[in-house]
Amino acid sequence: MPPGAKSGDLLYAALGRADEVDVFSFPQGKLIETLTGLNYPSGLCSDGAGNVWVATLYGNGGKMFEYAHGGTSPVKSLDDPSFYPSGCSVDPRSGDLAVTNNSFDGPGSLAIYQRARGKALLHYTPILYDYDFCGYDNKGNLFVDGPGVLAELTKGGNTFTTINVDNGSPGGQVQWDGKYITFATSNSSAIYRVKVSGSVGTVVGVTYLSGVGTQMTSSWTQAATSLVPTGKNSERIGLWKYPAGGKPFALLRLGKRSHVHAVTLSLARNRV
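Now for a description of the structure that goes with this document. Predicted model only: the values in this text are computed from it and were never measured.

## Observations concerning the overall build of the protein chain
Part 1 of the reasoning: Scanning the protein chain for helices and strands turns up zero helices and 25 strands.
Part 2 of the reasoning: Relative to the compact-globule value of 19 Å for 272 residues, the protein chain shows a C-alpha radius of gyration of 17 Å, a close match.
Part 3 of the reasoning: In terms of overall dimensions, the protein chain has a C-alpha envelope of 50 × 40 × 35 Å along the principal axes.
Part 4 of the reasoning: A total of 272 residues make up the protein chain; the buried ones form 54% of that total.
Part 5 of the reasoning: Expressed as a percentage of contacts within the protein chain between residues at least 6 apart in sequence, the contacts between residues at least 24 apart total 43%.
Part 6 of the reasoning: Accessible surface computed for the protein chain: about 12,000 Å², of which carbon and sulfur atoms make up 50%.
Part 7 of the reasoning: In the protein chain, the 23 positive side-chain charges and the 20 negative ones have mean positions that sit 7 Å from each other.

## Side note on the pairing of strand E19 (residues 190-197)
The two faces of a sheet get side chains in turn, since along a regular strand they alternate between them.
Part 1 of the reasoning: In the sheet, strand E18 (residues 181-184) pairs with E19 via four bridges, with the strands oriented antiparallel. Residue pairing across strands places Ile181 opposite Val194, the latter belonging to E19.
Part 2 of the reasoning: Hairpin remark: E18 followed by E19, antiparallel, with five residues in the connecting loop.
Part 3 of the reasoning: Pairing of E19 with strand E20 (residues 200-208), which is carried by eight bridges, proceeds in the antiparallel orientation. Pairing of Ile191 across the sheet is with Thr207, part of E20.
Part 4 of the reasoning: The antiparallel pairing of E19 with E20 creates a hairpin that spans two residues between the two strands, and Gly198 there sits at a positive phi of about 65°.

## Some points on the state of the cysteines
Part 1 of the reasoning: For the structure on display, the rule yields one disulfide.
Part 2 of the reasoning: One disulfide bridge connects Cys45 with Cys88, the sulfur atoms lying 2.2 Å from each other. Disulfide Cys45-Cys88: torsion about the S-S bond near -120°, hence left-handed. Here Cys45, found in strand E4 (residues 41-46), pairs with Cys88, found in strand E8 (residues 84-90); they are 43 residues apart in sequence, far enough to count as distant. Accessibility classification places Cys45 together with Cys88 in one group, the buried group.
Part 3 of the reasoning: Summary of cysteine pairing: Cys134 is not part of a disulfide, and the nearest cysteine sulfur, belonging to Cys88, is at 6.7 Å.
Part 4 of the reasoning: In this structure Cys134 comes out as buried when scored by relative accessible area, which is 1%.

## Regarding the sheet that holds strand E23 (residues 236-241)
Part 1 of the reasoning: Pairing in this open sheet of four strands is antiparallel, and the strands run E21-E22-E23-E24 from one edge to the other. Edge positions in the sheet fall to strand E21 (220-222) and strand E24 (250-253), since each of these pairs with one other strand and no more. Across this sheet, the average inter-strand angle for adjacent strands is 20°, counted without regard to direction.
Part 2 of the reasoning: In this sheet, E24 lies alongside E23 in antiparallel orientation, the contact comprising four bridges. Counterpart to Ile237 in the pairing with E24 is Leu252.

## Structural notes on the layout of surface pockets
Part 1 of the reasoning: Estimated volume of the largest pocket: approximately 640 Å³.
Part 2 of the reasoning: Along the walls of the largest pocket sit 30 residues, with Ser42, Phe133, Thr217, Ser218 and His261 positioned nearest its centre.
Part 3 of the reasoning: Every element with two or more residues in the lining of the largest pocket is listed here: E8, strand E22 (225-230) and strand E25 (260-266).
Part 4 of the reasoning: It is E8 that provides the largest number of residues to the lining of the largest pocket, a total of four residues.
Part 5 of the reasoning: Here the second largest pocket is characterised by a volume of approximately 460 Å³.
Part 6 of the reasoning: If you list the elements that add at least two residues to the lining of the second largest pocket, you get E4, E8, strand E12 (133-136), strand E17 (174-176) and E21.
Part 7 of the reasoning: Considered class by class, the residues forming the lining of the second largest pocket number 13 nonpolar, nine polar and four charged.

## Considering the environment of Cys45
Part 1 of the reasoning: Here Cys45 falls in the buried class, since its relative accessible area comes to 0%.
Part 2 of the reasoning: Discounting chain neighbours no more than four positions away, the residues touching Cys45 are Asn51, Val52, Trp53, Cys88, Ser89, Val90, Leu97, Trp220 and Thr264.

## Concerning the pattern of salt bridges
Once their charged atoms are close, side chains differing in charge can pair, the charge on each being opposite to the other.
Part 1 of the reasoning: All chains considered together, the criterion is met by two salt bridges.
Part 2 of the reasoning: Measuring nitrogen to oxygen at the nearest pair gives 2.4 Å for the salt bridge that ties Lys63 to Asp79. With a gap of 16 residues between them, Lys63 in strand E6 (residues 61-67) and Asp79 in strand E7 (residues 76-81) connect regions that are remote in the sequence.
Part 3 of the reasoning: Residue class for Asp79 comes out partly exposed when judged on its relative accessible area of 48%.
Part 4 of the reasoning: Lys76 is the salt-bridge partner of Glu66, the closest N and O atoms lying 3.7 Å from each other. With a gap of 10 residues between them, Glu66 in strand E6 and Lys76 in strand E7 connect regions that are remote in the sequence.

Parameters and conventions
Residues numbered from 1 in each chain as written. Predicted model: local features only at pLDDT ≥ 70, side-chain atom pairs only at ≥ 80, totals over all residues. Heavy atoms only, no water. Helix = DSSP H or I, 4+ residues; strand = E, 2+ residues; numbered from the N terminus. Rg over C-alpha atoms; globule rule 2.2 N^0.38 Å. Buried < 20%, exposed > 50% of the residue type's maximum accessible area, 1.4 Å probe, protein only. Contact = heavy atoms within 4.5 Å. Areas by Shrake-Rupley, 256 points an atom, 1.4 Å probe, with all protein chains shown as cover. Lys, Arg positive; Asp, Glu negative; His and termini not counted. Charge placed at Lys NZ, Arg CZ, Asp CG, Glu CD. Pairing = 2+ DSSP bridges. Disulfide = S-S within 2.5 Å. Axes fitted to C-alpha atoms, helices over the stretch in contact; angles between N-to-C directions. 1 Å grid on protein atoms, 1.4 Å probe; cavity = no way out; pocket = protein on both sides within 12 Å on 5 of 7 lines; lining within 4 Å. Points joined across faces, edges and corners; volume = space filled by probe spheres on them. Nonpolar A, V, L, I, M, F, W, Y, C, P; charged D, E, K, R; others polar. Salt bridge = Lys/Arg side-chain N within 4 Å of Asp/Glu carboxyl O.

Set out below in structure tokens:
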């Protein structure tokens with residue numbers, strides 16, 4: 001990692017076809033490091049300390065690798081046997097790591113690693129067959145989506161509740177934006193902000209992103225910026241103002257064979 005890189009914010013992009021994660025300075029967009037030896041990185045998430053988790057597929061199961069901000073070698077790995085991880089999220093209160101899993105021969109699961117250690121506790125629900133993305137809110141409640149479905153696992157609970165959303169179709173990135181739980185949708189280029197009360201989800205705002213296309217799923221929103229893989233083969237990363245949306249204010253071009261699966265931002269510790 002070049003001298004001084006760790007003092008700034010960093011953008012991580014998982015390139016599934018290349019079996020690597022590229023690290024860029026942010027917001028400059030300069031490539032400063034490539035993390036290699038990762039078999040088909042399929043998901044990314046970061047925590048408030050700038051640590052980054054990479055979800056990967058390894059044979060008949062998956063692995064989660066943790067990198068410190070600006071680190072070039074993993075500081076921790078967790079096994080996710082017999083499943084294929086995709087999305088992940090870290091509880092800002094407890095440090096628990098949640099991972100959404102899918103299977104080629106049956107329903108998926110939600111794995112939760114307490115304090116991001118040890119063996120995962122697996123959660124299942126008939127509400128979901130495919131588990132796409134997950135995101136913690138500021139109280140430790142966990143929201144999970146699949147095609148057209150948004151569900152909540154309350155802090156300390158074991159039972160999922162279906163959140164009946166009055167607009168939009170869940171199935172993309174789930175995050176807490178500081179005020180509302182949000183989900184991206186795969187059938188329109190938009191991020192929906194949802195106020196949840198019990199089992200009712202009321203959409204209070206929609207951020208429309210021009211130029212993404214119709215296959216938007218993975219994204220990452222940090223403060224006033226949303227990052228989304230774009231292009232016919234997801235070979236670019238677009239940056240939009242959040243929650244304004246509209247046209248991207250910047251495009252990061254990674255090359256025709258990049259195929260960006262996931263993105264996340266890692267904030268420098270002096271920003272936390």
